[in-house]
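# Breakdown of the fold
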Amino acid sequence: MRRAVWLACLILLIGALFCWAQERVPVRRLKVIAVLTRDAEGRTFLNPVAVGIDPATYEVYVVDPGRWEITVFSPDFFPRYSLGKGRGIFLPYGVAIDEEGRIYVCQAYTGKKPARLTVLNGAGIIEKEIIFKDMPFNGADGFAPNSVAIGRRHIYVAGSGFEGVVVLDREGHFVRVIRVRDHPAPELPRKWAQISDVYVDSRGRVYLLSAEMGRFYVFDSLGHFLFKGGKKGGGPGKLSRPRGIAADPELGLILVVDYMRHTGLAYSYREGHFLFEFGGRGWSPGWFNYPTDIAVDPAGRIYVADLFNHRVQVFVFGEEEGVFSPSPSFITPLRPLEIPKKKPGKKPQ
């Protein structure tokens, strides 16, 4: 009897130590410098699902399928104009801007038109619409693009529920599909990973994010696999349902937002090792409510599409704050807004 009690106590102690270790995750403070909540007509966002940055002008593109539009903000966050039905934008879900100012928009099936990638010039006029259903890859008939990234030579498109990323040349012609095989859990067999987001950084590295696997996969600009990062799970330091990924070599970070955990996670740029978390569920600046996308501009400012708070938050990182705490965010006092120091280098045009 004593042996059974001693064994039970040991198991409880090991479990408690394990939980304590799981919660000791570094957390970083956010210095929020802007909160974008309204379109060019002064209407509040309904479903801001994605955000894109013009690499040359620093303009910010906020995708809101609820309003059937994309709102374009100046570098100092003034809503300049919106691209909507009059510009051929009906159900946008993802956006990217190339070095020449072309705008690439993922659009869903609308009844009259199939799911497509719409390409507009810098004046917001459609140049072409890329249809996937006749392309020579398995699953092309039902391919629905929801994330797009622009590389030096290629366009990368992720689709809803699609196992991989479709690679096009810069003219929109099919090149190949990048796929990765992985284990959803250690005890399960390997399978092709569904990719929920794709991103290309300033050095041409390509990032594939899988909500299904709770991981991201990094390739060089030539398409060679480099490493993977992230770990599936519902606790601190884990990825439950990641939805957006971005990276910045100057910051030395790979950044992922987790839809179900309402947090962001940062990983080392060089090897993909987990570094710290930021955010958490809440309504004040610096907190998230089902975040769906993340981006970084050339000045190092970070943007998060904060879906059910109906906003996009703009921030930089502060100092390390400590370790993970289960305290609810709504009792945390609001911190003052701070303007970051500008990084030397390229200035907005």
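Residues numbered from 1 in each chain as written. Predicted model: local features only at pLDDT ≥ 70, side-chain atom pairs only at ≥ 80, totals over all residues. Heavy atoms only, no water.

## So, the pattern of salt bridges
We count it as follows: We define a salt bridge as a contact between a side-chain nitrogen of Lys or Arg and a carboxyl oxygen of Asp or Glu at a distance within 4 Å. Partly exposed describes any residue whose relative accessible area lies between the buried limit of under 20% and the exposed limit of over 50%, with all areas from a 1.4 Å probe on protein chains only and scaled to the type maximum.
Summed over the entire model, instances satisfying the criterion amount to 20 salt bridges. Arg102 is the salt-bridge partner of Asp98, the closest N and O atoms lying 3.4 Å from each other. Overall, the relative accessible area of 1% leaves Asp98 in the buried class. Judged by its relative accessible area of 26%, Arg102 falls in the partly exposed class. Across the pair Asp134 and Lys133 runs a salt bridge, and its minimum N-O distance is 3.5 Å. The exposure class of Lys133 is partly exposed, given its relative accessible area of 39%.

## With respect to the nonpolar core
Note the threshold: Side-chain atoms within 4.5 Å are what join buried Ala, Val, Leu, Ile, Met, Phe, Trp, Tyr and Cys residues into a set we call a nonpolar core. Secondary structure is summarised from DSSP: a helix means a run of H or I of at least four residues, a strand means a run of E of at least two, and numbering begins at the N terminus for each.
Counting 30 residues, the largest nonpolar core has Phe216, Ile254, Leu255, Phe278, Phe315 and Phe317 as its most contacted members. Counting residues per element, this core draws most heavily on strand β21 (residues 253-258), at five residues. Within the second largest apolar cluster, 19 residues are counted, among which are Ala96, Phe132, Val157 and Leu168.

## Regarding the packing of aromatic side chains
Quick reminder of the rule: Each Phe, Tyr or Trp ring, with Trp reduced to its six-membered ring, pairs with another whose centre is within 6.5 Å; inter-plane angles below 30 degrees give stacked pairs, above 60 give edge-to-face pairs, and intermediate values give tilted ones.
As enumerated under the stated definition, the model contains 20 aromatic pairs in all. Their ring planes at 70° and their centres at 5.8 Å tell us that Tyr267 and Phe274 sit as a pair that is edge-to-face. Looking at Tyr267, the relative accessible area reads 1%, which means it is buried. Taking the centre distance of 5.4 Å and the plane angle of 85° together, the rings of Tyr290 and Phe308 count as edge-to-face. Of this pair, Tyr290 sits in the loop between β23 (274-279) and β24 (291-296) while Phe308 sits in the loop between β25 (302-306) and β26 (311-323), and the two are 18 residues apart along the sequence. Its relative accessible area of 37% is what places Phe308 among the partly exposed residues. By the ring-pair criterion, three or more aromatic residues cluster together here, those being Phe132, Phe137, Phe143, Phe162 and Phe174.

## A look at the pairing of strand β13 (residues 174-178)
Note the cut-off: Between any two strands, pairing holds if DSSP finds at least two bridges.
Two elements, strand β12 (residues 165-169) and β13, share four bridges in a ladder whose sense is antiparallel. Bridge pairing in β13 places Val165 opposite Ile178. With antiparallel pairing between neighbouring strands as the criterion, β12 and β13 make up a hairpin whose turn holds four residues, including Gly172 at a positive phi of roughly 95°.

## Notes on the sheet that holds strand β3 (residues 60-64)
Put simply, the test is: Convention adopted: a line fitted to C-alpha atoms gives each axis, helices being fitted over their contacting stretch, and angles between N-to-C directions are expressed from 0 to 180 degrees.
A sheet is described by the order of its strands in space; here four strands give the open sequence β2-β3-β4-β5, paired in antiparallel fashion. Of all the strands in the sheet, the pair left with one neighbour each is β2 (50-53) and β5 (79-83). Looking at each pair of strands side by side, their axes are set apart by 20° on average, direction ignored. Two strands pair when backbone bridges link them, and β2 and β3 are joined in this way by four bridges, in the antiparallel orientation.

## Examining the side chain of Arg116
Cut-off, in case you're wondering: Polar contact is the term for a pair of N or O atoms within 3.5 Å; when the atoms are in protein, one must be able to donate a hydrogen and the other to accept it, and sequence-neighboring residues count only if both atoms are side-chain atoms. Only heavy atoms matter for contacts: two residues are in contact if any of them lie within 4.5 Å across the pair.
One can find Arg116 in strand β8 (residues 116-120). Note on Arg116: relative accessible area 0%, which makes it buried. Separated by 2.9 Å, the side chain of Arg116 and the backbone oxygen of Pro114 make a polar contact. For Arg116, the side chain forms a polar contact with the side chain of Glu129, separated by 3.1 Å. Excluding residues within four positions of it along the chain, Arg116 makes contact with Gly88, Phe90, Val105, Cys106, Gln107, Ala108, Thr110, Glu129, Ile130, Ile131, Phe132 and Pro145.

## Section: unusual backbone geometry
Here Tyr58, not a glycine, exhibits a phi torsion of approximately 70°, which is positive. Tracing the chain through its elements places Tyr58 in the loop between β2 and β3. In the Ramachandran plot, Phe77 falls in the positive-phi region, its phi being about 75° despite a non-glycine side chain.

## So, the side chain of Thr263
In this fold, Thr263 is placed in strand β22 (residues 263-268). Once you skip the residues sitting within four places of it in the chain, Thr263 turns out to touch Val256, Val257, Asp258, Glu277, Phe278, Gly279, Gly280, Phe288 and Pro291.

## Things to note about the pairing of strand β9 (residues 126-131)
The sheet contact formed by β8 and β9 spans five bridges and is antiparallel. Its bridge partner lying in β9, Thr118 is registered against Glu129. Linking β8 back to β9 in an antiparallel pair, the connection comprises five residues, with Gly124 at a positive phi of about 80°.

## As for the confidence of the model for the chain
Our working rule: Note: pLDDT gives the predictor's confidence per residue, expressed from 0 to 100.
Taken residue by residue, the chain gives an average pLDDT of 88. The fraction at 70 or more is 85%. Note that pLDDT drops below 50 for residues 7-22; the model gives that stretch two contacts with residues more than four away or on any other chain. Low pLDDT (under 50) marks residues 345-349, which in the prediction has nine contacts with non-local residues, meaning those over four places away or in another chain.

## Some remarks on the environment of Gly84
Its place among the elements puts Gly84 in the loop between β5 and β6 (92-97). Note: C-alpha distance between Gly84 and Trp68 (16 residues apart in sequence) is 6.0 Å.

## A short note on the environment of Lys31
Secondary-structure assignment places Lys31 in strand β1 (residues 26-36). Taking relative accessible area as the criterion, Lys31 reaches 24% and is therefore assigned partly exposed. Measuring from C-alpha to C-alpha, the distance between Lys31 and Pro285 comes to 8.9 Å, with 254 residues separating the pair along the chain.

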